[in-house]
Amino acid sequence: MRVTAFLDVPGQDNLLPLTRLEKYAFSENTFNRQIIARGLLDVFRDFSNNEEDFLTVMAIVVRLSEDAEPTVRTELMEQIPPIAIFLQENRSNFPVVLSEYLIPIVVRYLTDPNNQVRKSTQEVLLILLEQDLIFQYDIENTVCPILLQLSALDSDDEYKAEAVSIICKMASMLSKSTVERLLLPRFCELCGDGKLFQVRKVCAANFGDICRAVGQEATEKFLIPKFFELCSDAVWGMRKACAECFTAVSHSSSPEVRRTQLSPLFIRLVSDPCRWVRQAAFQSLGPFISTFANPSRAGLYLGEDGTLSIWPLTQDVDSGFASGSPTPRSGGNTSSASLTSSTKPVQMEPELPEEGTSAKTSNFSPISSSDGLTENPVESSVLAGAELTRLSPEASAFSKLSDINDLPISSHPGSDSWACPGNAEDLFNDFLYWRTPLPDISKDLELFLSEAEPQEDDCSRPKTVHNSCVARSEIQKVLESLQEHMLNDPDVQAQVQVLSAALRAAQLDSVNEPESKPTAGLNEVSISDSSSASDNQITLSASSSHNELSVARILQSTDAGEHRNGTSDHLDMDQRQDPTPLEENKSKIPDIIPQPLLDQYVSMTDPARAQTVDTDIATHCAYSLPGVALTLGRQNWHCLKDTYETLASDVQWKVRRTLAFSIHELAVILGDQLTAADLVPIFNGFLKDLDEVRIGVLKHLYDFLKLLHEDKRRDYLYQLQEFVVTDNSRNWRFRYELAEQLILILELYSPNDVYDYLMHIALKLCADKVSEVRWISFKLVVAILQKFYSNSESALGLNFIHELIIRFRHCSKWVGRQAFAFICQAVVSKECIPMDQFVEHLLPSLLSLASDPVPNVRVLLAKALRQVLLEKAYFRNAGNPHLEVVEETILALQSDRDQDVSFFATLEPKRRNTIDTTVLEKQN
C-alpha cells in the first residue's frame, strides 16, 4: 500500500487529489507533513505525466524543504535519491530538474542547524555522487564551492570537520582532475590545521584515499610533505591513523620515494613512544613491505582473481629461479640484473646519521649499480614535527675521502679474491648494499681527516696503520665477557664477530709489520692488492675504517644495539677460507626492501613484542608473511625461514591457523625444492594439530599436494584417513570439506593408489550420519569410478562396482538404497563408465529397486530412469534389448500407489527443468 494512498480516497472535503496534497503538505499537523515528505516518490509517480501537475509537485517539494520541523526536513532528504533515480528514468529534462530543484536543497541542508538533517544530507550527497546522478557542472559550481566554504580555516569547527569528511569520501567518486584542481589545495591546508585536531585526524584517516584519487605525481609533490607532518603530530591518534593508511600511501608513491622517504618514516612510527601507534604500525608493516614487490623479480604476480601466477621471466632471471635453494642472484629488475654481468667496480658511499638522529631507524645504505643509478639515502629525525633531511656536511666530506671510482672495495688485505676488480661476487657483497646504520662519527672523522692527510703526503707506498686505542688484550677481555651471553642473543653474536675480526686483523698486522708504531686517534687503513701493477696506488677501504670505529665503540660500551648482522656477516665472511655457496647467500642481506623494515618484521615474533606492543602481533606477522615472502622472492627465503618456523610453533592456535590457511600460497612462492625442505615438516605438524588449524590445511590440501614431487605426495596417502577423525564429531563440515578435496586430489594419484587408500575413505564418508556429507561423498564415489575407467583400469572399476552393490543396493537402511539410485543416476549423467558396462553390472541392481518398500527410494529411481537414462542415445535406439525392461519398469512406477513416484515416472524430460528436484532429493 502506498504511503500517500489516503490522497486517493474521496473525503468530506471533496477536493481533487492534487489539491488535497497541498492541503496536507502545508497542514499545521507535523505528522501530516511527515507523511507527505515520506511518500513523495509515490506522489511523483502519480503526477509526473502531466507537466503542470509536475511543476506543482516540485513547488510543494521546495516549500517542504523550508519546513521548520527537523523531522520533516529529514524525511524529505531521505527521499531525494529514489526521486532522483525515478526522474532520471522518466524525465527527459532530468538535468534541469536536478539542478534547479534538488541540488539546491541538498546544498542548503549541508549548513542546516540541525545535526540529524546535516547527517542525512551528507549521506544523500554521497549516494547521489556514487550513483552518478550529479552532473559535472553541478559538482564544480555548486557542490564543491559550498564544501570549500564550510572547510575554510575560519569557518565553524563543527561544519569544518563535517566538510572535510565529505571531501575525503567523495574524492574517490570524482575525476582526478577535479580533485586535484578543486579539493587538493584545501585538503593540504586542512592537514596543517592547528586549531582543531579532529580535522587533522579525519585527513590522516583518509589520506590513502586522497593519494589514490590524485595519483602518484600529485601525491609526491603535495601530499607526501603533509604526510610527514601528520606522522610527527603531537596527538598520538594522528600518528596512529597515519600508520593505518601507510600502505595506501605507499601504493601511490614511486619506488624511490617509497624506499628513501617512506621507509625511514615508517621506522619512526614503529618506534613511536605510544603503544597504540606502534601497534597500528606493526599491523601495517607486512602490507607495507609487500608494496616493494616487483613481479619481474619475484617471478610471480597476483592475478585479478587473487591467484598467484608465473611472471614471464627473462632467461637471466629464469636461471636464478631454476634452483629451489637461495641463490646469490638479485632477481629480475633491470638495475639488479645488470650487476650480475658487469665487471665494473662499484663505489659505495657510506651513510652517516645526522646528530640527534637514531642510528637504528633513521638511515639506509645507498644502492649503487653499475649503470650509474644511485638511490640516495634520506635521513629521518626523531624529533616530532621535523622533516627528513639530507646527509650532513660531515658525511658528504667523508664520501670524498678517497676516490675509488675505479677500484673495488676490499674488506681485508688478505682477501685477494674479494679485492679482484674482475670478480663478479664483489658486486654482491652485502656490505656494499645492506648493513646496519652506523653510529654518528662525524666528530671523529674531523680528527681522522686531519691526521690522514699529512700521512698520505709522506707515503710513497701503501701501508697499514694501526689503531693504538684498540689493544689486543683489551679486545680479548671483552670477547671473554661476551661469550656467556652470545647463545641466544644475535646482537651479541654480531659483536663477537666484529671483535673477532678485529683481533684477527691485529694479529696479522703485528706479524707482518712488527716495527709499525701505533698513532694516536683513529687512523686510515689502506688496502692494496699485492699484485697491483701500480706501485704508488693507494686505496682507502671505507669498510676497514668503519670496523675500527665499531671496535672502539664496542670496547667503550657493550650495548648490543649498535651493530647488526649486515656488517658482522661481512666480517665473518673474511674469516672463512672456503665458504660454501649457501653460506655466501645467507651473508647477502637482500636489497629488495630496506633492511630496517625486514629487521622490524622479523622481530614481531619476539615474545617481548607481545608485552610491549600487542598480544596479537604474531597473528599479524603470520597473516602478512606470504606477501613479505613474495616481495623477497624465493632466493631470499633464508631471511624468513626462522620467523616462519617460530610462528608455526606459536602457542596461540590462531597464529598456527593463519599459517595453515596460507601454506599453499607460500609453497607456490618458494617452489618445490624449498617447499619439500622447509614447508613439508611444518605441514605435517599442522596435520596433527587442533581441528581449528587442520581445517586451514584441509581447505587447500589439493593446492599444496600438487606442488610436491610424486614420491613426497605418496607419503600422505595413509595420513589422509586421519582427517575422517575430528576432535568434535559434530564438526560435519570438516568431513564435507575432506570429501570435496578428495574429488580434486584423485588426479594426483594413480588408480592403484586410489583403490588402496582413497576408495575406503570415500566409502566411510558415504556412511556418515550427516546427510550433506553423504551427498557430496556420493559424488566422490562417481569421480573414483571415472578415474578407474578413464585410465583403462576396468578390473579395479568392476571390483568397486561390486563393493557399491553390496554396501548400498543391499543395505538394510533405505538411505543406502536411495544412495545407490543416486550414484547410478550420476554415473549415467556424467558418462563415467561405458554404457555397456553400466547395463551389464549396474542396471539390473538399479531396476530391482522398483519393488523397494520405501517410496523415497522409488522416487529417485523414477527420476533416474525417466529423466537421465532414457535421454541417452544408447537407450533411444529401438533395437536395444535393454530398452524394453527399462520401459516396463517405468510403466510400473507410473501406476505406483505413491503420488510422488507416479508423478516423476510420468514427467516428460523436457519439463524436468521447471521443477527443482534437488530440494526434494535432500529432503528425502
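Each value, and the rule that gives it
Residues numbered from 1 in each chain as written. Predicted model: local features only at pLDDT ≥ 70, side-chain atom pairs only at ≥ 80, totals over all residues. Heavy atoms only, no water. Helix = DSSP H or I, 4+ residues; strand = E, 2+ residues; numbered from the N terminus. Buried < 20%, exposed > 50% of the residue type's maximum accessible area, 1.4 Å probe, protein only. Contact = heavy atoms within 4.5 Å. Core = buried A, V, L, I, M, F, W, Y, C linked by side-chain atoms within 4.5 Å. Axes fitted to C-alpha atoms, helices over the stretch in contact; angles between N-to-C directions. Parallel < 35°, antiparallel > 145°, perpendicular 65-115°, else oblique. Left-handed = near helix turned anticlockwise from the far one by under 90°. Nonpolar A, V, L, I, M, F, W, Y, C, P; charged D, E, K, R; others polar. UniProt positions renumbered as here; feature names shortened; annotations may be inferred. Phe/Tyr/Trp six-rings, centres within 6.5 Å; stacked < 30°, edge-to-face > 60°. Polar contact = N/O pair within 3.5 Å; in protein donor to acceptor, adjacent residues only side chain to side chain. Salt bridge = Lys/Arg side-chain N within 4 Å of Asp/Glu carboxyl O. Lys, Arg positive; Asp, Glu negative; His and termini not counted. pLDDT = per-residue confidence, 0-100. Expected span 1.5 Å × (residues − 1). Disulfide = S-S within 2.5 Å.

### Thoughts on the overall build of the protein chain
Secondary structure assignment for the protein chain yields 49 helices and four strands. By residue count, 53% of the 924 residues in the protein chain fall in the buried class. Looking at the protein chain alone, contacts between residues at least 24 apart form 70% of all its contacts between residues at least 6 apart.

### Points about the environment of F661
Take F661: it is sitting in helix α34 (residues 653-687). Among the residues examined, F661 registers a relative accessible area of 25% and is labelled partly exposed. Residues F661 and I695, 34 residues apart in the sequence, show an inter-C-alpha distance of 7.9 Å. Look past the residues within four positions of F661 in its chain and what remains in contact with it is I695, G696, K699 and H700.

### Quick notes on the nonpolar core
Within the largest apolar cluster, 227 residues are counted, with the highest numbers of intra-cluster contacts made by F207, F227, L758, F838 and L846. Considering each element in turn, this core owes the most residues, 15 residues, to α34. Leave out the neighbours within four places in its chain, and F207 touches F187, C191, L223, K226, F227, L230, C245 and V249.

### As for the packing of helix α40 (residues 771-790) against helix α41 (residues 794-809)
Direction vectors running N to C along α40 and α41 enclose 155°, while the axes themselves pass 7 Å from each other. On the basis of their axis angle, the class for α40 and α41 is roughly antiparallel. Along this stretch, α40 crosses α41, giving a crossing that reads as left-handed. Contact residues: α40 offers F778, V781, I784, L785, F788 and Y789, while α41 offers S794, L796, G797, L798, F800, I801, L804 and F808. When its residues are assigned to classes, the contact of α40 with α41 shows 12 nonpolar, two polar and no charged.

### A word on the UniProt feature "repeat: HEAT" (unreviewed entry) in the protein chain
Here, the residues flagged by UniProt with the feature "repeat: HEAT" (unreviewed entry) are residues 183-222 and 842-868. For the annotated span residues 183-222, helix accounts for 85% and strand for 0% of the residues, and the straight-line distance between the end C-alpha atoms is 12 Å. What you have in residues 842-868 is 70% helix and 0% strand, and the ends, taken at the C-alpha atoms, are 15 Å apart.

### Notes on the packing of aromatic side chains
In total, this model carries 21 aromatic pairs according to the counting rule given. A centroid spacing of 4.9 Å and a plane angle of 45° characterise the contact between F207 and F227, whose relative ring orientation is tilted. Considered together, F207 and F227 belong to a single accessibility category, that of buried residues. Summarising the aromatic geometry, the rings of W775 and F822 are spaced 4.6 Å apart at their centres and angled 90° between planes, so their arrangement reads as edge-to-face. Of this pair, W775 sits in helix α40 while F822 sits in helix α42 (residues 814-830), and the two are 47 residues apart along the sequence. With a relative accessible area of 9%, W775 lands in the buried category.

### A few points about the environment of L126
Summarising the element assignment, L126 is placed in helix α8 (residues 115-130). Through-space distance from the C-alpha of L126 to that of M170 is 6.5 Å; in sequence the pair is 44 residues apart.

### Regarding the packing of helix α38 (residues 732-745) against α40
Two numbers describe how α38 lies on α40: the axes approach to 9 Å, and their chain directions differ by 15°. The pairing of α38 with α40 is recorded here as roughly parallel in orientation. The way α38 lies across α40 gives a crossing that is left-handed. Across from W732, R735, Y736, A739, E740, L742 and I743 in α38, the residues of α40 making contact are E772, V773, I776, S777, K779, L780 and A783.

### Re the side chain of T260
With respect to the secondary-structure elements, T260 resides in helix α16 (residues 255-270). With relative accessibility at 8%, the residue T260 sits in the buried group. Engagement of the side chain of T260 in a polar contact is seen with the backbone oxygen of E256, the distance being 2.6 Å.

### Some thoughts on helix α6 (residues 80-90)
The set of residues buried in α6 consists of I80, P81, I83, A84, F86 and L87. For α6, the secondary structure elements touched by its buried residues are α3 (40-47), α4 (51-65), α5 (70-78), α7 (94-109) and α8.

### Some words on the pattern of salt bridges
Evaluated as defined, the whole model comprises 25 salt bridges. A salt bridge links R118 to E158; the nearest nitrogen and oxygen atoms lie 2.9 Å apart. With a gap of 40 residues between them, R118 in helix α8 and E158 in helix α10 (residues 157-170) connect regions that are remote in the sequence. For R118, a relative accessible area of 1% corresponds to the buried category. Measuring nitrogen to oxygen at the nearest pair gives 2.4 Å for the salt bridge that ties R817 to D852. With R817 in helix α42 and D852 in the loop between α44 (843-847) and α45 (855-868), this residue pair connects regions lying 35 residues apart in the sequence. A relative accessible area of 10% means that R817 is categorised as buried. Take D852: its relative accessible area is 7%, and that puts it in the buried class. Taken together, the shared-partner salt bridges in this structure form one network comprising R118, E158 and E162.

### Topic: the side chain of R774
For R774, the location among the structural elements is in helix α40. D768 provides the closest opposite charge to the buried, salt-bridge-free R774, at an N-O distance of 6.0 Å. One polar contact links the side chain of R774 to the main-chain carbonyl oxygen of K769, over a distance of 3.2 Å. Discounting chain neighbours no more than four positions away, the residues touching R774 are L765, C766, D768, K769 and V815.

### Notes on unusual backbone geometry
Of note, D132 is a non-glycine position whose phi angle comes to about 60°, a positive value. Counting through the fold element by element, D132 comes out in the loop between α8 and α9 (136-150). One non-glycine residue with positive phi stands out, namely E831, at about 55°. Following the sequence through the fold, E831 ends up in the loop between α42 and α43 (835-841). You can call E831 exposed: its relative accessible area is 53%.

### So, the confidence of the model for the protein chain
Of the residues in the protein chain, 65% have a pLDDT of 70 or more, and the chain-wide mean is 74. Confidence drops under a pLDDT of 50 for residues 313-438, and excluding neighbours within four residues, the segment shows 289 contacts in the predicted structure. Across residues 452-471, confidence stays below pLDDT 50; counting only partners more than four residues off in sequence or on other chains, it has 41 contacts.

### Regarding helix α11 (residues 176-191)
Between its first and last C-alpha atoms α11 spans 20 Å; for 16 residues at 1.5 Å apiece the expected length is 22 Å, and the helix comes up short by more than 12%. All of the buried residues along α11 are T178, V179, L183, L184, R186, F187, C188, L190 and C191. Packed against the buried residues of α11 are α9, α10, α12 (197-205) and α13 (207-231).

### Some remarks on the state of the cysteines
Applying the stated criterion across every chain, the model contains zero disulfides. Distance from the sulfur of C211, which forms no disulfide, to the nearest cysteine sulfur (C245) is 7.4 Å.

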